[in-house]
Each structure stands twice: as C-alpha cells, then as structure tokens.
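Coordinate inspection notes
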Amino acid sequence: EDKTERGHSDHEGKISAVVPKHMKYPKLVPALCVIAVFITAARLVYFSAWSNLPFGIEGPSESLNRSPQTARSFQPKHSPALQDSAKLNNGVLMPLIGFGTAGLGGNSLQAVQSALDIGFRHIDTAQAREWYREDLVGAALATWLKDNGIPRENLFLTTKIHPRHFGRTTTLDVFANSLSDLHTMYLDLVLLHYPYCWGNLCGSIQPEGSWRDAWRALEDLHTAGKARAIGVSNFNTAEMRKLLEHAEVMPQVLQIHIDPLAQNRQLMKFSQEEGIQVEAYSSLGTQWGLVGPDHHNPVLSHPVLQEIARELNRTVAQVVLRWLLQLKVAVIPRSTNATHQREALLGVKEFELQPRHMEAISALDGTLPK
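Owing to the predicted nature of the structure, the values given are computational and were not obtained by experimental measurement. (Residues numbered from 1 in each chain as written. Predicted model: local features only at pLDDT ≥ 70, side-chain atom pairs only at ≥ 80, totals over all residues. Heavy atoms only, no water.)

For residues other than glycine, phi is negative in most cases, and the peptide bonds are mostly trans. One non-glycine residue, Asn 264, lies in positive phi territory at about 50 degrees. The residue Asn 264 is located in the loop between β8 (253-257) and α8 (265-273) in this model. Asn 264 gets classed as partly exposed once you look at its relative accessible area, which sits at 32%. We note that Asn 313 has phi near 55 degrees; this positive angle belongs to a residue other than glycine. (Helix = DSSP H or I, 4+ residues; strand = E, 2+ residues; numbered from the N terminus. Buried < 20%, exposed > 50% of the residue type's maximum accessible area, 1.4 Å probe, protein only.)

Below, the structure is given as structure tokens:
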C-alpha cells in the first residue's frame, strides 16, 4: 500500500512539474485527475467497510494478540451514554446486553426464538445439562436464522465448559459437542464455567485435568479460529492472578455473579484494570432466592431500588440492568416473557441513572437481605 501511494505521488509530481511549463498534453490532465479521485474514493470505502464489520475486528491492521490497554480508574467511573458493544482486549466486539438461558429448561427453544425476534443478538448458554439446554438453544438458533435469512456472523454465541470436562483432550472433545448442539462452525466466546469441581458439581466424574489444562485447550481453539474470544466464569481474584500468570492468550471475559447487594467490587476492579471485560449473571437477585428458606428475592423487592424505579417510571429490573451497563458491565438477563425481554433489551436504553442514583445503589453493597 505504501509503495502504491509513493508511486502515485511521484506521478502527480511529474505532471505538476511538466504540464504547466510545456502544456504538451492538456487533455491528459482532467483524465488523470478523475483517476486519482476514483482511487482515493475506493480506498476510503474499503477502510470504512472494515471499520463497520458487525462484532468483528475493528480494522484490517488490528492485532489479535495485542496487549490490553490500561483501564481507567475504577471507582466510581460510570457513563450515562450506553454503547451497544464492548471491544474486548483482542479487538472482538461483544454486545453488552445478552440473553441468558440458565434454568429455562424445556422453555429454552421458545424463549430464545422470542428473544431473537425482539432483537437480542448475544445468546449465553453452557454445557451443564443440569442448568442449561444447549441443544434446544441450538435448535432455536438454527430455525430462526434459516427462517429469517440472517447470517450466523450477526449473532454472538457463548458457551461454557463444565469442570468435569477439564483436560486438554476432553475439553476439545466436548467443545465439538457444543458446535454440534448449536449448529455452528465456531463460537464467539468460550468460558471455563468454574475453576474446579466442588460439592456434588461433578458427581462421580473425575476430570482428566485441571483448569490449567482446559485453558490450554481454549487457547488452541482460539488460535484455530474456533473460539473468537475466551475467558472464565466464577474465578475469584486469586484465581484470576494465577490464570494471568499461566495464560499465553490473555482472557477476554470474566463472568461472575453481581447484583446490588453483592457487587463483587474487588474482582470487578481487578478485571477492569487488567483490561478484562466483566459480565454479570444473576444480576436481578435470583441467587438469593436459592439460599433463602422462602425463596425470597431481596433485590426486586428492595425499597431503595423500588423508589428509584418509581421516580423514573421504570421497573426495578431495568434500574439494576442500567446500573450495571453504566458501570461498563455486560449483562445476560433471562425471561420467557416477551414483555420482560423487550424491557431488558430496549427499555434500558430509554433512560439513564443520575450520579445520586448510582451512589444509592452502590451503598447497598454488602447489606444483608431481609
């Protein structure tokens, strides 16, 4: 490209030096000007097309393995202006509002198709059949893409590797199963679901290896172009430090539980400073319902959040999602209700939280649910 530019410049120099003095070829000047304009316009169109690729690398010269930029200071940086996507530290664009599929069971197919119809383009699933139906998610995706004539690359698909399948060989094998279930040749984001087996998480299965071995498999997949971005879920700060020491490919995403009562600030701060995109799950308080005797959700019923929602004429769910988005945290709400899906994707873009709202929600961190 540089050689072409230099040749073009030399050619123009000869025209400007010779023609004004001798005027031997007066009809040649307009023709050469037209050619120069055409070449310039074509180059502008080319680079403009590259910069607008959906969920892609921002420009042809972007390096896949560049080091992440130093993040700005964490507390209490937030922006009322929302962006549709976050640029990960390898240049891949990830939609900040995704659709979660945990716990949907047999409703997964209908719920995913409804979410896609409403406009979700980021779908989060996992291999853990006890919580997810990756096969039904894949059936919904295949049907919807075919019926609507939309290219696969317009979607951002995430799956997670269960720790019972850790090990370089086993992880690669089960990844192939996810490609089959989801009817795709590649995935946009692959995460390690947990750092290790705990409690009855893996049952009687003894994993082939550790998260370190599984991470090497993710790096293999990333290098091969089968996983455009890789990361982890449910790693704590100490485990993240070990991962960064071990990794040859920088993790792009950390998915963790964050809600107004459990904000995980230290881990969020660490990840932001390392250039790792944070993604929140169970942000609407569903984790609290799993531990309480009456399955009460203290987030959706919290008086502070309810007061902010009344003031802004919004739902508590919208307030919580908007709070996270203004903190540059990706979210993956789930619902089988089309109205709630629409509120989560579209409604959160129609208002903003003021600094006093952000401070009031920040003050809820660590408070015990009542």
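On to the packing of helix α3 (residues 108-118) against helix α4 (residues 134-148), then. Interaxial distance between α3 and α4 falls to 8 Å at its minimum, and their mutual angle equals 40 degrees. When the interaxial angle is binned, α3 and α4 end up oblique. The element α3 and its partner α4 pack so that their crossing is right-handed. On the side of α3, the interface is formed by Ser 108, Leu 109, Val 112, Gln 113, Leu 116 and Asp 117, while α4 contributes Leu 136, Val 137, Ala 139, Ala 140, Leu 141, Thr 143 and Trp 144. By residue class, the composition of the contact of α3 with α4 is nine nonpolar, three polar and one charged. (Axes fitted to C-alpha atoms, helices over the stretch in contact; angles between N-to-C directions. Parallel < 35°, antiparallel > 145°, perpendicular 65-115°, else oblique. Left-handed = near helix turned anticlockwise from the far one by under 90°. Contact = heavy atoms within 4.5 Å. Nonpolar A, V, L, I, M, F, W, Y, C, P; charged D, E, K, R; others polar.)

Evaluated as defined, the whole model comprises 15 salt bridges. One salt bridge in this structure joins Arg 129 and Asp 135, with 3.7 Å as the shortest N-O distance. The salt bridge partner of Arg 356 is Glu 311, with a shortest N-O separation of 2.4 Å. Here Arg 356, found in helix α13 (residues 355-362), pairs with Glu 311, found in helix α10 (residues 303-312); they are 45 residues apart in sequence, far enough to count as distant. Glu 311 gets classed as partly exposed once you look at its relative accessible area, which sits at 41%. Connected through salt bridges with shared partners, the residues Arg 129, Arg 133 and Asp 135 form a single ionic network. (Salt bridge = Lys/Arg side-chain N within 4 Å of Asp/Glu carboxyl O.)

A word on the side chain of Arg 152. Relative to the helices and strands, Arg 152 resides in the loop between α4 and β5 (156-161). Here the side chain of Arg 152 touches Asp 188 through a polar contact of 2.9 Å, side chain to side chain. Ignoring anything within four residues of it in the chain, the contact list for Arg 152 reads Leu 145, Leu 157, Thr 184, Tyr 186, Leu 187 and Asp 188. (Polar contact = N/O pair within 3.5 Å; in protein donor to acceptor, adjacent residues only side chain to side chain.)

Per-chain confidence: the protein averages 82 in pLDDT, with 75% of residues scoring 70 or above. Residue range residues 1-26 is modelled with pLDDT below 50. Its contacts to residues more than four positions away, or to other chains, number eleven contacts. Between residues 32-79, whose pLDDT stays under 50, and residues either more than four places distant or in other chains, the model counts 68 contacts. (pLDDT = per-residue confidence, 0-100.)

Let's shift gears to the sheet that holds strand β7 (residues 230-233). Read across the sheet, eight strands follow the order β3-β4-β5-β6-β7-β8-β9-β10 without closing on themselves; strand pairing throughout is parallel. Taken across any chain shown, the strands that pair with only one partner, and hence form the sheet edges, are β3 (99-100) and β10 (330-331). The pairing of β5 with strand β6 (residues 189-192) spans four bridges and is classified as parallel. What sits directly across from Thr 159, in β6, is Val 190. (Pairing = 2+ DSSP bridges.)

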